[in-house]
Amino acid sequence: MKSKFFPFLDEGLPRPAVRSRDRFAWVESSFDERGTSSKQEFLGISVGEKKIKIVFLAIVFLFGVFFIRSAQLQAFQGTSFSLLADRNKNKTVLVTAHRGILYDRHLTPLAWNVPSFAVTVTPADLPKDPEQKKQALSHLASLLGTTTGSIEKSLAGKNLFQPSIVKERIGYDASLGLSVALEGVPAVNLVVEERREYGFSSSTPSLSHVLGYTGRISEEELVAKGVAYHLNDVIGKEGVELSYEESIHGTTGVRTVEVDALGREKQVVSEDVPIDGYNIVLTLDQKLQKVAERALSETMKKMGKKRGAVIISDPRTGGIRALVSLPAYKNNDFARGISSQAYSELLSDPSRPLFNRALYGEYPSGSTIKPLVAAAALQEGVVTPSTTVRSTGGLRIGEWYFPDWKSGGHGTTNLAKALAQSVNTYFYMVGGGYGEFKGLGVEKLVSYFQKFGLGTLTGIDLFGERDGFVPTQKWKEEVKNEPWYVGDTYHIAIGQGDIVVTPLQVNAFTQYFANGGVNYRPHFFESFLDESGERGDVRKPEVMKEKIVDTRHVEAVREGLREAVVSGSARRLSTLPVASAGKTGTAQWHSGKSPHAWFTGWAPYENPELVITVLVEEGEEGSRAATPVAYDILKWYFSERKKSIDKK
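A brief report on the enclosed structure follows. Computed from a prediction, not measured in an experiment: that's the story for all the values here.

Topic: the side chain of Ser-116
At step 1: Mapped onto the secondary structure, Ser-116 falls in strand 5 (residues 109–121).
At step 2: Dropping the residues within four chain positions of it, Ser-116 is found in contact with Arg-169, Ile-170, Val-191, Val-192, Glu-193, Glu-194 and Arg-195.

What follows is the structure, given as structure tokens:
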């Protein structure tokens with residue numbers, strides 16, 4: 001009987017195991033008489049233990065990759081993606097605070113703000129497709145009249161989510177057209193900002209050395225300033241703008257607005273209003289500054305000179321009323337964006353208009369130092385006001401001759417005459433001694449020079465001040481590898497040799513004799529000014545030095561400086577409307593060039609209001625170049641300016 005299901009098998013034959021296909025396992029089957037299987041086992045595909053492990057590890061690996069990527073997206077990049085998602089509906093706008101206004105002491109505005117426009121690009125909002133991004137930047141470049149490369153350079157390395165300025169200082173008329181053309185352009189905004197304006201930049205450019213100017217913050221400055229400043233901020237770069245940056249700048253506000261798909265603002269979500277910077281009143285008198293600049297400029301022009309400085313201070317407080325350095329520059333050129341060519345011309349100018357001679361210039365003091373020598377000699381008992389020496393034209397030490405400026409000398413000379421006529425022989429002997437007459441000596445001279453502030457900074461509230469230099473015996477031996485000679489002492493006793501000072505230092509020690517024995521720290525800040533016109537945080541005078549010498553010795557020096565105006569080297573000032581005192585100086589500094597000309601003094605003689613110091617580089621003689629400048633300034637002030645002030 002043949003099987004119903006397997007007819008090719010004979011009924012009586014034994015049932016062999018059936019091998020299906022090579023890839024399948026053996027299967028044992030038994031059939032009953034009807035051909036129906038009574039037992040059937042089917043294991044399917046055979047998988048070895050090794051293969052199972054491989055499959056398991058693969059599954060674990062895939063799950064690990066999924067887990068790590070998920071963690072990365074959520075934990076590490078979640079904030080960024082959240083921000084990107086949020087930016088689809090919200091936009092953060094920085095609101096710049098108004099920079100504080102600078103006033104002179106009579107509340108004449110010196111620096112204020114004017115509206116300006118700028119175009120910004122937020123890199124994260126640009127099209128992601130490279131070709132579309134390129135087209136967008138090219139279109140923007142054509143609207144702004146610039147190049148794609150220039151825009152890309154402005155955006156390079158900047159924060160993707162902060163708007164970066166690609167075009168600034170756009171005028172009002174041009175901004176109207178741009179506001180329409182840029183409507184709906186993604187990533188691009190036309191923003192209103194402020195530009196600094198200096199009202200007397202052209203008429204009184206010397207104010208630039210005091211006020212300084214502002215400019216866009218650099219990457220280095222941004223890092224140094226910290227979170228209080230932002231990418232597009234304008235900050236002070238020089239002068240008062242730099243010194244009082246934190247007070248003038250204010251605090252930037254933040255506004256969050258909801259935008260539509262095209263980036264158009266719909267409504268304000270939240271806002272932190274900006275806090276405006278403080279208005280500052282300076283000690284400057286703008287009109288006095290202008291007159292001082294004009295007087296110095298006209299005198300130098302007559303003499304064919306180009307470089308000089310004037311400092312005028314209040315001996316009752318140390319406040320600077322005027323500070324002139326010529327030649328000067330126009331700070332509006334910087335605030336409006338100076339061209340590279342114009343800046344290069346300023347840097348290459350041999351007269352160095354960017355150099356503030358009043359603070360940075362270091363010059364031999366000439367005879368302006370003689371009041372210090374006289375005060376020291378009185379204090380140390382080397383001389384009295386009535387001590388006399390015989391001036392016959394100079395002193396000879398061996399082969400060396402140290403001359404007076406007057407041929408034949410000045411005859412019998414006491415302290416007052418020595419100061420009035422600037423008698424070198426007197427100060428040679430007082431400073432270094434001669435024969436049996438014992439002078440101060442180098443150590444005491446250096447000590448008193450330092451007490452009066454030479455060789456140290458005054459601490460004025462402008463950056464960059466220089467400290468001058470007072471040579472010492474030890475310095476010469478170590479640096480020049482030479483011994484100190486009595487001739488070196490003679491030289492520094494009349495303000496020559498290696499000693500150098502700044503005009504500011506000379507003005508500061510002149511204050512000491514003007515006010516009777518107090519040296520105040522020079523400064524420009526006077527007070528803050530609120531919106532109602534009330535002054536706050538008025539600066540109090542800060543005493544630097546006092547009681548360096550006894551009051552009677554100060555008075556003796558004062559009398560000598562008064563005599564210089566009555567009958568001496570500064571008698572040009574004798575016709576002023578008020579009594580005055582002062583000292584001229586002629587400082588040699590180069591064998592082939594003319595000496596520098598100095599004058600320093602004060603007025604009125606009693607109850608002084610102004611201390612004035614004048615320097616004319618290569619001005620030849622103090623009485624010829626510097627004293628006339630002081631005369632013109634003081635005459636105007638006490639005949640015109642003071643009357644108008646007193647009427648207020």
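After that view of the structure, there is still more to cover.
A word on helix 4 (residues 148–155)
At step 1: Among all positions of helix 4, only Ile-151, Ser-154 and Leu-155 are buried. Looking straight down helix 4, one finds that the buried residues subtend no more than 95° of arc, so they occupy a single side.
At step 2: Tucked inside the fold, the buried residues of helix 4 contact strand 5, helix 3 (130–144) and strand 6 (164–170).
At step 3: Where helix 4 terminates, the next one or two residues include Gly-157, which has phi positive at roughly 75°.

Observations regarding the sheet that holds strand 25 (residues 610–616)
At step 1: Taken together, the five strands give an open sheet; going across it, the order is 14-13-25-24-23, and neighbouring strands pair in antiparallel fashion. In the strand order of this sheet, the two ends are held by strand 14 (320–326) and strand 23 (581–587), each with one partner. Taken pair by pair, the neighbouring strands of this sheet meet at an average axis angle of 5°, ignoring direction.
At step 2: Strand direction decides the pairing type here: strand 24 (residues 596–603) and strand 25, joined by seven bridges, are antiparallel. Note on strand 25: the bridge partner recorded for Ala-597 is Val-616.

Some thoughts on the environment of Ala-626
At step 1: Residue placement: Ala-626 occurs in helix 22 (residues 622–647).
At step 2: Placed 330 residues apart in sequence, Ala-626 and Leu-296 show a C-alpha to C-alpha distance of 8.4 Å.
At step 3: Not counting the four nearest positions on each side in its chain, Ala-626 is found in contact with Ala-597, Trp-598, Phe-599, Val-614, Val-616 and Glu-621.

Overview of helix 21 (residues 551–566)
At step 1: If you check helix 21, its first and last C-alpha atoms are 23 Å apart, about what 16 residues at 1.5 Å a residue would give, namely 22 Å.
At step 2: Taken together, the buried positions of helix 21 are occupied by His-553, Val-554, Ala-556, Val-557, Arg-558, Gly-560, Leu-561, Ala-564 and Val-565.
At step 3: Next to the buried residues of helix 21 lie helix 14 (370–379), helix 15 (415–421), helix 20 (503–514), strand 23 and strand 24.

Conventions adopted
Residues numbered from 1 in each chain as written. Predicted model: local features only at pLDDT ≥ 70, side-chain atom pairs only at ≥ 80, totals over all residues. Heavy atoms only, no water. Helix = DSSP H or I, 4+ residues; strand = E, 2+ residues; numbered from the N terminus. Contact = heavy atoms within 4.5 Å. Buried < 20%, exposed > 50% of the residue type's maximum accessible area, 1.4 Å probe, protein only. Arc of directions from axis to C-beta. Pairing = 2+ DSSP bridges. Axes fitted to C-alpha atoms, helices over the stretch in contact; angles between N-to-C directions. Expected span 1.5 Å × (residues − 1).

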